[in-house]
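Notes for the structure review
Residues per chain are reported as follows:
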Amino acid sequence: MNIIGWLIIFSEIGFWIVILLGLMFRYVFRKEKIGLSLLALTPVIDLLLLIATSVDLYRGATATTIHAVAALYIGVSIAFGKSMIRWADERFQYYVTNTGPKPKKRKGREYAQHYFKSFLQHILAYSIGAALLWLMILLINDPERTDALFNFWRIWSIALGADFLYAVSLFVWPKR
């Protein structure tokens, strides 16, 4: 695995460490401003990954699936980041500090509506990630060096379509 692959792994680990520290400062140590500041650092992690990926490609590296995963990671992190933090916040309050309401399990139409909202976030993640992929493809301007990016974009497009079909199916056959 190359340096970009390791940076993606460290970015994901860093994302969750920053969230955990932010929640600990917010609820355990009662330092709300420090906690919010730590939670606000999550986009900085994405920015660093974007810079590292760009520099690697600018220096002449042939784009790989790992470079494409960096675009996916950035898109998903931006589109789902706030809801992921909210999800972690609810569980931290309930399971760690015993202060918040128990996270509820959704089913039926409520689950279908929640999942469809998640699908809309997937569209946003796809839009951001696909824009980054196409930007890399256009800037490199060498089909041999960007074939992996194009193939990744095609697979992600199919996955987005499958996610849409699943989201719609939940309204037809609701989760019990």
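Each chain carries its own residue numbering, running from 1 in the direction its sequence is written. It should be noted that, the model being predicted, local features are given only for residues of pLDDT at least 70 and side-chain atom pairs only at 80 or more, the latter also being counted only at that level, while totals for whole chains, interfaces and linings use all residues. Computation of side-chain values: all heavy atoms of the structure, hydrogens and water removed.

Helix and strand assignments follow DSSP, with helices taken as H or I runs no shorter than four residues and strands as E runs no shorter than two, numbered in order from the N terminus. Along the chain, the regular secondary structure elements total six helices and zero strands. Shown N-terminal to C-terminal, the secondary structure of the chain runs as helices and strands in the order α-α-α-α-α-α. Each of the three principal axes of the chain carries a C-alpha extent, and together these read 55 × 45 × 25 Å. Under the convention used here, a 1.4 Å probe and the Shrake-Rupley method define accessible areas, while residue burial counts only the protein chains that appear. For the chain, the accessible surface area stands at approximately 10900 Å², while carbon and sulfur atoms represent 68% of it. His is not counted, nor are the chain ends; Lys and Arg add positive charge and Asp and Glu add negative charge. Here the site of a charge means NZ on Lys, CZ on Arg, CG on Asp, or CD on Glu. In the chain, 19 side chains carry a positive charge and 11 a negative one; their mean positions are 14 Å apart.

Without a salt bridge and with relative accessible area above 30%, a residue can belong to a patch; like charges are then joined within 9 Å and nonpolar side chains (Val, Leu, Ile, Met, Phe, Trp, Tyr) within 5 Å. One side-chain nitrogen of Lys or Arg within 4 Å of one carboxyl oxygen of Asp or Glu is enough to make a salt bridge. Together, Lys82, Arg86, Arg106 and Lys117 line one region of the surface with positive charge. Secondary-structure assignment places arginine 106 in the loop between helix H4 (65-96) and helix H5 (108-140).

Let us now look at the nonpolar core. We define the nonpolar core as a collection of buried residues of types Ala, Val, Leu, Ile, Met, Phe, Trp, Tyr and Cys that are connected through side-chain atoms lying within 4.5 Å of one another. For the exposure calls, accessible area comes from a 1.4 Å probe over protein chains only, and a residue counts as buried if that area is under 20% of its type's maximum, exposed if over 50%, partly exposed in between. Ranked by size, the top nonpolar core spans 39 residues in total, and within it Ile19, Leu23, Leu49, Tyr73, Leu133, Met136 and Leu149 carry the most contacts. Sorting the residues of this core by element identifies helix H1 (3-28), helix H2 (32-40), helix H3 (42-58), H4, H5 and helix H6 (143-172) as the ones contributing at least two each. In terms of residues, this core owes the most to one element, H5, which gives 11 residues.

Packing of H3 against H4 leaves a shortest axis separation of 10 Å and a crossing angle of 170°. Between H3 and H4, the angle is such that the two are roughly antiparallel. Counted together, Thr42, Ile45, Asp46, Leu49, Leu50, Thr53, Asp56 and Leu57 of H3 and His67, Ala70, Tyr73, Ile74, Ser77, Ile78 and Ile85 of H4 form the full contact between these two elements. Only Asp, Glu, Lys and Arg are considered charged, only Ala, Val, Leu, Ile, Met, Phe, Trp, Tyr, Cys and Pro nonpolar, and every remaining residue, Gly among them, polar. Of the residues in the contact of H3 with H4, the class split is nine nonpolar, four polar and two charged. Axes, fitted as lines to C-alpha atoms, cover a helix only where it is in contact. Angles between the N-to-C directions of the axes lie from 0 to 180 degrees. Orientation labels follow simple angle bins: below 35 degrees gives roughly parallel, above 145 gives roughly antiparallel, 65 to 115 gives roughly perpendicular, and whatever is left gives oblique. Any two residues having at least one pair of non-hydrogen atoms within 4.5 Å are treated as being in contact.

What follows deals with the packing of H1 against H4. For any two helices packed against each other, the geometry is given by the interaxial angle and the distance between the axes. Packing of H1 against H4 leaves a shortest axis separation of 11 Å and a crossing angle of 20°. The pairing of H1 with H4 is recorded here as roughly parallel in orientation. In the crossing of H1 with H4, the sense of the turn from one axis to the other is right-handed. Its residues assigned to classes, the contact of H1 with H4 shows 18 nonpolar, six polar and three charged. Rotating anticlockwise by less than a right angle from the far helix to the near helix defines a left-handed crossing, while the corresponding clockwise rotation defines a right-handed one.

Only rings of Phe, Tyr and Trp enter the pairing, Trp through its six-membered ring, and a pair is recorded when the two centres are within 6.5 Å. The plane angle decides the type: under 30 degrees is stacked, over 60 is edge-to-face, the rest tilted. A complete count under the given rule lists 15 aromatic pairs for this structure. Where tyrosine 94 meets tyrosine 95, the ring centres are 4.8 Å apart and the plane angle is 85°; that geometry is what we call edge-to-face. A centroid spacing of 5.2 Å and a plane angle of 80° characterise the contact between tryptophan 134 and tryptophan 153, whose relative ring orientation is edge-to-face. Separated by 19 residues along the polypeptide, tryptophan 134 in helix H5 and tryptophan 153 in helix H6 bring together distant segments of the chain.

This paragraph deals with the pattern of salt bridges. Summed over all chains, the structure comprises four salt bridges. The partner of arginine 26 in a salt bridge is glutamate 32, and the shortest N-O contact between them spans 3.7 Å. In this structure glutamate 32 comes out as partly exposed when scored by relative accessible area, which is 41%. Glutamate 90 is the salt-bridge partner of arginine 91, the closest N and O atoms lying 3.5 Å from each other. On the basis of relative accessibility, which here comes to 24%, the residue arginine 91 falls in the partly exposed class. Judged by its relative accessible area of 37%, glutamate 90 is partly exposed. If you follow the salt bridges from partner to partner, you end up with Arg26, Glu32 and Asp89 in one network.

So, on to the confidence of the model for the chain. Scored from 0 to 100, pLDDT reflects the predictor's confidence in each residue. Model confidence for the chain is summarised by a mean pLDDT of 91, while 99% of its residues fall at 70 or above. Across the chain, H6 holds the top mean pLDDT of 96, while H3 sits lowest at 85.

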